[in-house]
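# Per-entry structural report
Here are the chains, one letter per residue:
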Amino acid sequence: MCGRYVVNFNWAQIALALADMPLALPDADPTPQFNLAPTQRGWVLATDGAEGVKAGQMVWGLVPPWSKDGKPGFSTINARAETAATSRVFRGPFAKRRCLVPASGYYEWQKLDPGNDKSEKRPHFIYLPEQPVMLFAGLWERWGQGEDAKLTYTILTQEAAGPVAALHNRNPVVIPPALARDWIHGAPDDAAGILSALGTQELDFYPIGKAVGNVRNQSPQLIERI
């Protein structure tokens, strides 16, 4: 799954990755977030209503329209790529509101003793080698109307493969820049085809300190290798 990630990129890096699409980006670069957690606001790249993409902030944890209180739940911070198109919560956004969630990397905790439920866990930072930005496959939703409307999002996950599977059995779906247009603007069948054909990208990782376990910690030292 993906329960914490890092925002430490600039808009020039996003523009370079998505050079084939019209982009509406803020003038000021994003404020770094080294420990972005559920219910916090993260950057999302979604359709501008035409052929381009615009950046905006939404709350992490998708809230379906029928929610009574509009509060995001931990169970909706991730959506399984295998079932998102048919899930009651995610099928609407999958059909009409797909997005990209830009990140510099994410965190995962590995059990030191996999057979022990009470085993100590070691945190790791996971990233794409030689690429400053990862583009997670995401879905977004609108809850409420008018000024009270709340925009929320979820990150799709898939079965992990390769070395990263030693940390967790699932990882975020990373959309290559060449498929970004089809993911955001394509028909639902196009998006489903991307997910079914997309393998796990070559992710790299290394162990980090335990300070990342506290969401109040936000320093760049969180991603230092130990």
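Anyway, here's the lowdown on the structure attached to this text. A quick note: this is a predicted structure, and the numbers were derived from the prediction, not measured.

Moving on, we come to the pairing of strand β11 (residues 150-159). Within β11, seven of the ten residues are buried, leaving the element largely enclosed by the surrounding structure. Pairing of strand β5 (residues 53-60) with β11 involves two bridges; the strand directions are parallel. Across the sheet, residue W60 finds its bridge partner in β11, namely Y153. Of the strand pairs in this sheet, strand β6 (residues 78-80) and β11 are connected by three bridges, and their pairing is parallel. For A79, the partnering residue across the bridge sits in β11 and is L156. Bridge count between strand β10 (residues 134-143) and β11: six bridges; the pairing is antiparallel.

A few words now on the sheet that holds strand β3 (residues 33-36). On the basis of which strands lie adjacent, the open sheet formed by five strands has the order β3-β1-β8-β9-β13 and antiparallel pairing. Two strands in the sheet have a free side with no partner beyond their single neighbour: β3 and β13 (204-207). Taken over all neighbouring pairs, the strand axes of this sheet differ in orientation by 30° on average, direction set aside. Judged from the two bridges that link them, strand β1 (residues 5-7) and β3 form a sheet pairing that is antiparallel. For Y5, the partnering residue across the bridge sits in β3 and is L36.

What follows covers the environment of W43. Inspection of the secondary structure assignment puts W43 in strand β4 (residues 41-47). Between the C-alpha atom of W43 and that of Y107, which follows or precedes it by 64 residues, the distance is 17 Å. Setting aside residues up to four positions removed in sequence, W43 forms contacts with V7, W11, P26, P30, A55, G56, Q57, V101 and P102.

To continue, consider helix α4 (residues 188-197). Looking at α4, one finds that the buried residues are A191, I194 and L195. Around the axis of α4, the buried residues are gathered within 95° of arc, so they sit on the same side. More than 90 degrees from the buried face of α4, the exposed residues found are D189, S196 and A197. The elements touched by buried residues of α4 are α2 (91-96), β7 (98-103), β11 and α3 (180-185).

What counts and what doesn't
- Residues numbered from 1 in each chain as written.
- Predicted model: local features only at pLDDT ≥ 70, side-chain atom pairs only at ≥ 80, totals over all residues.
- Heavy atoms only, no water.
- Buried < 20%, exposed > 50% of the residue type's maximum accessible area, 1.4 Å probe, protein only.
- Helix = DSSP H or I, 4+ residues; strand = E, 2+ residues; numbered from the N terminus.
- Pairing = 2+ DSSP bridges.
- Axes fitted to C-alpha atoms, helices over the stretch in contact; angles between N-to-C directions.
- Contact = heavy atoms within 4.5 Å.
- Arc of directions from axis to C-beta.

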